[in-house]
Amino acid sequence: MWITFFSGGFGPPFFCAKSLAARPPLCYTNRKMLYIVVTPIGNLGDITYRAVETLKSADLILCEDTRHSAVLFARYGITAPVRAYEKFSESRQADAIADMIESGKNVALVSDAGTPVISDPGSVLVRRLRERGLEYTVVGSGCAAVSALVLSGFDASSFCFVGFLPDKEGDRNRLMDRFAGLRSTLLFYVPPHDAVRDAAFLFSRLGARKACLVREISKLHEDVIDFTLPDIPADAVLKGEMVLVVEGAPDPAEALLALDVKEHFARYVAGGMTEKEAMKAVARDRGVSKSAVYAELKGSRS
Ligand code: SAM
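Scoring rules and cut-offs
- Residues numbered from 1 in each chain as written.
- Predicted model: local features only at pLDDT ≥ 70, side-chain atom pairs only at ≥ 80, totals over all residues.
- Axes fitted to C-alpha atoms, helices over the stretch in contact; angles between N-to-C directions.
- Helix = DSSP H or I, 4+ residues; strand = E, 2+ residues; numbered from the N terminus.
- Parallel < 35°, antiparallel > 145°, perpendicular 65-115°, else oblique.
- Left-handed = near helix turned anticlockwise from the far one by under 90°.
- Contact = placed C-beta atoms within 7 Å.
- Nonpolar A, V, L, I, M, F, W, Y, C, P; charged D, E, K, R; others polar.
- Pairing = 2+ DSSP bridges.
- Buried ≥ 20, exposed ≤ 12 C-beta atoms within 10 Å, placed from the backbone.
- Arc of directions from axis to C-beta.
- Near = placed C-beta within 6 Å.
- Core = buried A, V, L, I, M, F, W, Y, C linked by C-beta atoms within 7 Å.
- Domains from an automatic or database assignment.

Draft legend 1. Local environment of the packing of helix H10 (residues 261-270) against helix H11 (residues 275-286). Running from amino to carboxyl end, H10 crosses H11 at an angle of 130°, the nearest separation of the two axes being 9 Å. Considered as vectors, H10 and H11 are oriented oblique to each other. The element H10 and its partner H11 pack so that their crossing is right-handed. Residues Val261, His264, Phe265, Tyr268 and Val269 of H10 pack against Glu275, Ala278, Met279, Ala281 and Val282 of H11. Along the lines of polarity and charge, the residues of the contact of H10 with H11 split into 8 nonpolar, 1 polar and 1 charged.

Now the structure itself:
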């Protein structure tokens, strides 16, 4: 049995010598990657031990506002170099930061308060790292759904927590009646033995949307598995705890633009427009002239 004594105040936990020797490390700060570190939203005491250790050992800390974070850093003796990382310069900075991580630097990202990416800078950087196959993780969240959203790189500007899908088909369908049309990223809790079944069910209700399974967050085998519903890769390890993240319903205008002109036109006519109105609407959606739409339709009819 592990006996843990806390040192009091906000300091790190103190373990008795016997347990310390056998315990796995609490910090994995030796791996070169981006650490997305959750900081307190108010009380400076609400920070995790691993978050403090990660910030202390970073080669660089990216801050939304370095002056704001200085208060937290002073409180915990964090002296790592800092640099401003703001929403407005995210795209410009993302590649340079990815280069640093690729070259073996240990970079941490904090926002002024709480979880980076959630209504704060970070999403562009996460997406860039994913595109470049570089490692990143989240340190210190207390909610699996929020951590999964951050790790997924999916749109975090609007999201909806659905939780576990009910077992009964009718209950699942009723639940999804509420969420299927939402244009927000959807977050599901999934027992590992139900992952394939849940992905198949969601495909039947949502179509072939982009999805990912975020497994074992903050543990040794943390993993993000990307796929398109319902095709979870055959070699995916479906063990441990996992969150299923599914992209929101497509913007109807974008969905129409994915069709060819004839199908786009047919959708409007099927919806009750006259052919003249439909042609005008198609021209407006696609940013072309009515005569171009007419020529395209005529061409496809002949
Ligand atoms: N209260 C918890 C929270 O704030 O996330 C969730 C409790 S819920 C009963 C348990 C579910 O959360 C798991 O089945 C899994 O879907 C998700 N979960 C919990 N820990 C996780 C982890 N480390 N990685 C991925 N998902 C996790």
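Draft legend 2. Molecular detail of the sheet that holds strand E11 (residues 223-228). The strand order across the open sheet built from 5 strands is E8-E9-E12-E10-E11, with neighbouring strands paired in mixed fashion. Edge strands, defined here as strands with exactly one partner in the open sheet, are strand E8 (159-164) and E11. On average, each strand axis in the sheet is tilted by 20° relative to the strand beside it, whichever way the strands run. Sheet analysis places strand E10 (residues 210-215) next to strand E12 (residues 242-246), joined by 5 bridges and oriented antiparallel. Counterpart to Cys212 in the pairing with E12 is Val245. In the packing of helix H6 (residues 144-152) onto the sheet, contacts are made with E8, strand E9 (185-190), E10, E11 and E12, and the angle to E12 comes to roughly 55°.

Draft legend 3. View of helix H3 (residues 66-76). Of all the residues in H3, the buried ones are Ser69, Leu72 and Phe73. The arc enclosing the buried residues of H3, seen along the axis, measures out at 100°, which places them on a common side. Structural note: H3 exposes Arg67, Val71 and Ala74 on the side pointing more than 90 degrees away from its buried face. Buried residues along H3 sit against strand E4 (60-63), strand E5 (82-84) and strand E6 (107-110). Just downstream of H3, Gly77 is the residue with a positive phi angle, here 65°.

Draft legend 4. Layout of the sheet that holds strand E3 (residues 34-37). As summarised here, the arrangement of the 5 strands in space is E5-E4-E6-E3-E7, forming an open sheet in which the pairing is parallel. Looking at the sheet topology across the chains shown, the edges are occupied by E5 and strand E7 (136-139). Adjacent strand axes in the sheet meet at a mean angle of 25°, parallel and antiparallel pairs treated alike. Relative to E6, E3 is paired through 3 bridges, and the arrangement is parallel. Pairing of Leu34 across the sheet is with Val107, part of E6. Sheet strands in contact with H3 are E4, E5 and E6, and its direction is about 150° off that of E5.

Draft legend 5. Spatial organisation of the site of the ligand. Taken together, 15 residues sit near the ligand, with Cys143, Ala144, Tyr189, Ile217 and Glu241 positioned nearest. Taken together, the elements giving at least two residues each to the shell around the ligand come down to H6, E9, E10 and E12. Partitioning the shell around the ligand into residue classes produces 10 nonpolar, 1 polar and 4 charged.

Draft legend 6. Focus on the nonpolar core. Membership of the largest hydrophobic core comes to 62 residues, with the highest contact counts inside it found for Ile36, Val37, Ala108, Leu109, Val243 and Val245. Examining the composition of this core, we find that 6 residues originate from one element, H6, more than from any other. Lining this core are residues from two domains, each supplying at least three of them: domain 1 (1-142) and domain 2 (144-250). In this structure, Val261, Phe265, Met279 and Val282 belong to the second largest nonpolar core, which totals 7 residues.

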